[in-house]
Structures are given as C-alpha cells and as structure tokens.
Protein chains: 2
Amino acid sequence: MRLSSMADYAVVTMSAAARHCGMVRVSAAQLAQETGLPVPTVQKLVSLLTAAGLLRSSRGTGGGLKLARPAAAISLADIVEAVEGPIALTSCVDNGKHDCALEGSCTVRPHWGVVNAAMRGALADVPLTRLAETAA
Amino acid sequence: MRLSSMADYAVVTMSAAARHCGMVRVSAAQLAQETGLPVPTVQKLVSLLTAAGLLRSSRGTGGGLKLARPAAAISLADIVEAVEGPIALTSCVDNGKHDCALEGSCTVRPHWGVVNAAMRGALADVPLTRLAETAA
DNA sequence: CCTAAATCAGACTGATTCGTTCTGATTTGG
DNA sequence: CCAAATCAGAACGAATCAGTCTGATTTAGG
C-alpha cells in the first residue's frame, strides 16, 4: 500500500515542470536543482515520463522538456501509471491473469475490481494544476 | 500501487475463516487446505493477524483460530494494515517524518493527505461479511 | 562543412525488502 | 506423566527497487 519512491519523485518533478507551463525548454538539471533530487534520478524519471507521453523532449544544445498536454489534462493517476505501470492492487484485476489457484471459486475477487476503481478514481481526481499551486 | 502478496493472501484467509463464523476452532492447516495456500505461509499470516487483534488463537491439542470480532466489524483496511502496517502512500503522510529535503516548500504534500484518506476509506467500506458471501 | 558542447536514452551495480521455509517453544488431552 | 498437535519466532533465498554511470544523438557556432 505504499507508493514507490520513484513515483513520489515523479510527481514532484512534474509539479516543478508545470510551473514552467509556457517554457518550451526546461533542462532536467534545472528541475533537479528546483526539486533537490539527484540529477541522474531526474534523468531517469524524464525518460519514463517522456516514454509515457506526458513530457515532450528536445535534444541537442539548448534542448529541454515541456509538458505534452496542458497541466489540467494530467492527473496523479497518469503520473503514477507512467512510473509504476497499470494500477492494479492484485494480480487478479491486472488484465485477467489466471495464475490464482482459486479461480472461479474465489469470493473476494469480484470486490477487488470495485476497490481498484475507487483507488484509481481518487488519483484521477487530482489534476496537475492543483499540485503546482504555490499556496495550499 | 500494488498490494503485497501477503496482504492478498491474508484477505483470502480471513474470508475463509469468516465462513466458520460460529466455529471456535479452525486450524491453520484447515484454512490452508480451503484456500490452496502453503501451510507455512498461512501460519505466518495467522501470527500477524493474531498479533493485530483480528484473530484469537488457542494453542494445544485441538486448538485453533476464531475471529476476535464479528465479521461485520472487520474491514479490508483492518486486514491490510495488519499485514502491511499503516496505510501511507508516501513517507510524508506516515507520521510526520521529516526526511524530505523540500519540507515546507513542497506544494504536493498537502494533497497526499486527501488522497490517502480516500484510499483508506475505499478499503474501510468493505466489511469482511461481504467478502465471505459465496455468491457475488 | 566541421567541431564541440549539451542533451536525452539505455544498461549496469548495489542494496533493501518481500516471500517462503524451517525449527523450536507452549499447551492441552489422555 | 506422556504424547500429540498447535502457534510463534528466526533464518534463508529470491526478486524488485533505487541509484549511478556510460554511450548515442542532436543542435549551435565557427
């Protein structure tokens, strides 16, 4: 039930990137300085976030990052899924993986889907714009 | 964002134990047979669940387990917390641990509390009685 | 056109945690 | 008093995670 550190850092990094909303070019090193995270860690994070389609990267001298979508269209769920993969509390709800010995006779399985949806909904309800606000 | 296997197994085990609601004595080996889990694993689980106050154990010949409380008074959140510890997505919301470099200037921290409460609420809304129902 | 600097992208290593198994201490019934 | 059956705790191996490093690609300037 605990979020991985990388996912936590990813949220902080995206939040920092959102503050440069109009800025087309923000280097990973600059984000590392603002967030206080190690530079290599931020580099790995931006790679994952870019691969997930949340950031757009420009290489070469003077290159950098920018948000692929408006900050309002990016939620906590998007960021978490980009780093940790699909949100699935148990292997049952992942994508129909049938590696459980109980299978059909399991009475708890149908309820996991409901709980899982509630979890995802709680994360999807928080847009990146709210996280970037300086004042609570 | 994934539940540990032990927590998953604990839910199944508790669900199996709840079906023997009136039975005062249910051995761990019997629960293992009903759930299809390895016997040593179930033994470790019942140790944790007993320590958390969800099960009451009787030792000696003919001993066994029984629910410490009515099944309606046990929720998913209780079981998960018994195995995985307190529900806290990030270290910030655990118990005021101040190991984050950002500390006061972190804009995302106040929102974690809200999300965390939503998560816990989703788990607390599912009582053990519903999980033990044979038909969905 | 070429050189050089700066960037992202992928691969590797060490450590921590998780899952499993095993052995021992305790208790009750005969 | 003896013996069987149970729970409780400790030890081992495996897998995942966090962090670091080196290399490939691209752009700006000379």
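The rules behind each value
Every chain's residues receive numbers from 1 upward, in the order its sequence appears when written. Going through the entries in the order they are written, you letter the chains from A and number the ligands from 1. The predicted origin of the model limits local features to residues at a pLDDT of at least 70 and limits the giving and counting of side-chain atom pairs to 80 or more, whereas totals for whole chains, interfaces and linings rest on all residues. Processing note: side-chain calculations cover all non-hydrogen atoms of the structure and skip hydrogens and water entirely. Only heavy atoms are used to decide nearness, and a residue is near a molecule or strand if one of them lies within 4 Å of it. Pairing of N or O atoms within 3.5 Å defines a polar contact, subject to two protein rules: one partner must be a possible hydrogen donor and the other a possible acceptor, and residues neighboring in sequence count only if both atoms are side-chain atoms. Numbering of helices and strands starts at the N terminus; helices are DSSP runs of H or I of at least 4 residues and strands are runs of E of at least 2. In the scheme used here, Gly and all other residues not listed as nonpolar or charged are polar, with Ala, Val, Leu, Ile, Met, Phe, Trp, Tyr, Cys and Pro taken as nonpolar and Asp, Glu, Lys and Arg as charged. A pair of strands is treated as paired once DSSP finds two or more bridges between them. Here the copies were fitted onto each other by least squares, based on C-alpha atoms from residues at pLDDT of at least 70 in both. In what follows, a contact means two residues having at least one pair of non-hydrogen atoms within 4.5 Å. Only protein chains enter the accessibility calculation, which uses a 1.4 Å probe. A residue is then buried if its area is under 20% of the maximum for its type, exposed if over 50%, and partly exposed in between. What counts as buried area is the accessible surface, traced by a 1.4 Å probe, that two parts surrender upon association, with contributions from both included.

Around DNA strand D, the structure places 21 residues, and the nearest of them are Ser-4, Ser-5 and Arg-59 of chain A together with Thr-61 and Leu-65 of chain B. The sugar-phosphate portion of DNA strand D accounts for 67% of its atoms within 4 Å of the protein, the bases making up the rest. At a separation of 2.6 Å, a phosphate oxygen of DNA strand D approaches a polar backbone atom of Ser-5 of chain A. Interatomic distance of 3.1 Å between a side-chain N/O atom of Thr-61 of chain B and a base nitrogen of DNA strand D. Listing elements by their share of the surface near DNA strand D, those giving two or more residues are helix H1 (5-18) and helix H3 (39-51) of chain A together with helix H3 (39-51) and strand E2 (64-67) of chain B. Here the residues of the surface near DNA strand D are counted per class, giving 6 nonpolar, 12 polar and 3 charged.

Looking now at the pairing of strand E1 (residues 55-58) of chain B. Side chains on a regular strand alternate between the two faces of the sheet. All names here are of chain B. Summarising the sheet, E1 and E2 pair through 4 bridges and their orientation is antiparallel. Across the sheet, residue Arg-56 finds its bridge partner in E2, namely Lys-66. Counted between consecutive antiparallel strands, the loop separating E1 from E2 contains 5 residues, among which Gly-60 sits at a positive phi close to 95°.

To continue, consider the protein's contact with DNA strand C. Around DNA strand C sit 22 residues, and of these Ser-57 and Leu-65 of chain A together with Ser-5, Arg-59 and Gly-60 of chain B come closest. Note that a base nitrogen of DNA strand C is positioned 3.3 Å from one of the side-chain N or O atoms of Thr-61 of chain A. Within the backbone of Ser-5 of chain B, an N or O atom sits 2.5 Å from a phosphate oxygen of DNA strand C. Secondary-structure elements contributing two or more residues to the surface near DNA strand C are H3 and strand E2 (64-67) of chain A together with helix H1 (5-18) and H3 of chain B. Of the residues contributing to the surface near DNA strand C, the split by class is 6 nonpolar, 12 polar and 4 charged.

Here we come to the relation of the copies chain A and chain B. Mapping chain A onto chain B calls for a screw motion: a turn of 180° about the axis and a shift of 0.0 Å along it, with 0.1 Å RMSD after fitting. Viewed as a symmetry operation, the transformation between the two copies matches a two-fold axis. Interface residue correspondence from chain A to chain B reaches 100%, placing this contact among same-surface, isologous pairings.

Take the environment of Gly-60 of chain A next. Residue and element names in this part refer to chain A. Mapped onto the fold, Gly-60 is located in the loop between strand E1 (55-58) and E2. A residue is classified by how much of its surface remains accessible, and Gly-60, at 59% relative accessible area, is exposed. Along the primary structure Gly-60 and Arg-120 are separated by 60 residues, whereas in three dimensions their C-alpha atoms are 37 Å apart.

Next up on the list: the interface of chain A and chain B. Counting from both sides, the interface comprises 36 residues of chain A and, opposite them, 36 residues of chain B. For the pair chain A and chain B, the two sides together bury roughly 3300 Å², of which 68% comes from carbon and sulfur. Contact with chain B buries area across many residues of chain A, yet Met-1, Arg-2 and Thr-107 of chain A alone supply 22% of it, more than any other trio. On the surface where chain A and chain B come into contact, there are 14 residue pairs in polar contact (both at pLDDT 80 or more).

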